[in-house]
Amino acid sequence: MQKKKEPAQFAEIGKEIKMGQNPENAKAEAQPQPKLSPEEEKRRALIQEVEESLSKIRLYPVACTEEGKDQSISALKKIYADGDESMRQIILYLLHETISQFSDYRAPKNLDYFKKRFPQNDQAQNRMNVYRGMFNYPTSIEGIMEMISLISTFGDAQSAKLLTHEFSFLCSFDGSEGARMLRNSVADALGDCDSPYALKCLINYAKTVESEALAGRIASSLMKWKGKLEKAQIPAKQKDAFHKEISEILMIEKEGRHYS
């Protein structure tokens, strides 16, 4: 006896169920999506550009040229400068997530690591995770340094605050040469950042630090600030107070003395 052919609508519903959906969901998904406003379309396009720029940076130098990487960094700078508060926070969030992956480097990112972390993945998926970890530029020390430098170019209070957050995070790693290198990179970046908040933090660090090596690094950043203080957008009275504090700290550093 020939099997009765199912109506087309039942065959379609069966297909949706096999895909892990039920008929109600399939019907709901078939409905047209509401049209986005021009502002929302622009916002989504910018977020996509940010993600694509970070994806290109991740591929440097294996599958992305230095020119491509630099173009992507320039794109992020422009989006940050032209974007609203929400867009800036998205960029800072993504950069922070990238830098924070440094804490995972205590465990080798080999196949065994990913098998334990993602037991549901098959062998091919875990091998791909290994390759991604091996060739991910922004999570290497040199890549994180460049991401830190990128944050310093934004020059506003929230990017300066993120730098001090990363500084606090990296200071918590005892005995790690990599953490010291990145911590020093943040100290340098605070000297490059144009936010007065960065200068206030450097002054506080200089007054309390005990490590001579780090004190010297902070002093170098204060020297950068001394050179650009006159042109900084800071009230004259506060500028004079900053100049006095910087000069005192640099004199103490030069004489090899410490704050009591």
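Placed above this text is the structure.
Each chain has its residues counted from 1, running along the sequence as written. Restriction of local features to residues with pLDDT of at least 70 applies here, the model being predicted, together with a cutoff of 80 or more for giving and counting side-chain atom pairs; totals for whole chains, interfaces and linings are based on all residues. With hydrogens and water set aside, each side-chain value is computed from the structure's full complement of heavy atoms.

Draft legend 1. A look at the side chain of Thr139. Going along the chain from the N terminus, every DSSP run of H or I of four or more residues is numbered as a helix, and every run of E of two or more is numbered as a strand. Of note, Thr139 is situated in the loop between helix H7 (123–134) and helix H8 (141–154). Take Thr139: its relative accessible area is 5%, and that puts it in the buried class. Pairing of N or O atoms within 3.5 Å defines a polar contact, subject to two protein rules: one partner must be a possible hydrogen donor and the other a possible acceptor, and residues neighboring in sequence count only if both atoms are side-chain atoms. Among the polar contacts made by the side chain of Thr139, one reaches the main-chain carbonyl oxygen of Asn136 at a distance of 3.1 Å. In this structure Thr139 touches Thr98, Gln101, Tyr105 and Ile144, once residues within four positions along its chain are discounted. Burial classification: accessible surface area is computed with a 1.4 Å probe over protein chains only, and a residue below 20% of its type maximum counts as buried, one above 50% as exposed, and the rest as partly exposed. Two residues form a contact once any of their heavy atoms are found within 4.5 Å.

Draft legend 2. A nonpolar patch on the surface, seen in detail. Nonpolar side chains (Val, Leu, Ile, Met, Phe, Trp, Tyr) are joined into patches within 5 Å and like charges within 9 Å, using only residues with over 30% relative accessible area and no salt bridge. For every accessible area listed, the method is Shrake-Rupley and the probe measures 1.4 Å; residues are considered covered only by the protein chains on display. What makes a salt bridge here is a side-chain nitrogen of Lys or Arg within 4 Å of a carboxyl oxygen of Asp or Glu, nothing more. Together, Val62, Met128, Tyr131, Met134 and Phe135 give the surface a local cluster of nonpolar side chains, amounting to about 510 Å² of exposed area. Residue position: Tyr131 is located in helix H7.

Draft legend 3. Just unusual backbone geometry, in detail. The peptide bond linking Tyr60 to Pro61 adopts the cis configuration, its omega dihedral lying at 0 degrees. Tracing the backbone through its elements, the reader meets Pro61 in the loop between helix H3 (38–59) and helix H4 (66–82).

Draft legend 4. Here's a closer look at the packing of helix H5 (residues 85–100) against H8. Here H5 crosses H8 at 155 degrees, and the two axes come no closer than 10 Å. The orientation of H5 relative to H8 falls into the category roughly antiparallel. For the crossing formed where H5 meets H8, the hand is left-handed. On H8, the residues that touch Ile91, Leu92, Leu95 and Ile99 of H5 are Ile144, Met147, Ile148, Leu150, Ile151 and Phe154. Any residue that is not Ala, Val, Leu, Ile, Met, Phe, Trp, Tyr, Cys, Pro, Asp, Glu, Lys or Arg is counted as polar, Gly included; the first ten are nonpolar and the last four charged. Its residues assigned to classes, the contact of H5 with H8 comprises ten nonpolar, no polar and no charged. In this description, a line fitted to the C-alpha atoms serves as the axis of each element, helices being fitted only across the stretch in contact, and the angle between N-to-C directions of two axes falls anywhere from 0 to 180 degrees. What sets the label is the angle itself: under 35 degrees gives roughly parallel, over 145 gives roughly antiparallel, 65 to 115 gives roughly perpendicular, and the rest give oblique. Crossings are classed by handedness, with left-handed meaning an anticlockwise turn of the near helix from the far one by less than a right angle and right-handed meaning a clockwise turn.

Draft legend 5. Fine view of the nonpolar core. In plain words, nonpolar cores are sets of buried Ala, Val, Leu, Ile, Met, Phe, Trp, Tyr and Cys residues tied together by side-chain atoms within 4.5 Å. Ranked by internal contacts, the top residues of the largest apolar core, which has 56 residues, are Leu95, Leu163, Leu199, Ile218, Leu222, Trp225 and Ile246. Residue contributions to this core peak at seven residues, all from helix H11 (residues 196–208). Contact partners of Leu222, with chain neighbours within four places excluded, come to Leu199, Leu202, Ile203, Ala206, Ile246, Ile249 and Leu250.

Draft legend 6. Just the pattern of salt bridges, in detail. Summed over all chains, the structure comprises ten salt bridges. The salt bridge involving Lys69 is made with Glu146; its shortest N-O contact spans 3.0 Å. Of the two residues, Lys69 sits in helix H4 while Glu146 sits in helix H8, which places them 77 residues apart along the sequence. Taken together, the salt bridges that share partners define one network made up of Lys69, Asp70 and Glu146.

Draft legend 7. Layout of the packing of aromatic side chains. Pairs were defined over the aromatic rings of Phe, Tyr and Trp, the Trp ring being its six-membered one, requiring ring centres within 6.5 Å. Orientation was assigned from the angle between planes: stacked under 30 degrees, edge-to-face over 60, tilted for the rest. Going through the model one piece at a time under the given rule, you end up with seven aromatic pairs. Relative to Phe118, the ring of Phe114 has its centre 6.3 Å away and its plane inclined at 10 degrees; by these criteria the two rings are stacked. By relative accessible area, Phe114 is classed as buried at 8%. We classify Phe118 as partly exposed; its relative accessible area is 25%. In this structure an aromatic cluster arises from ring pairing among Phe102, Phe169 and Phe173. We call a charge positioned above a ring when the Lys NZ or Arg CZ atom is no farther than 6 Å from the ring centre and deviates by at most 35 degrees from the ring normal. Looking at Lys69, its charged tip hangs above the ring of Tyr60, at a distance of 4.9 Å from the centre. One Lys or Arg, Lys228, reaches over the ring of Trp225 and ends 4.3 Å from the middle of that ring.

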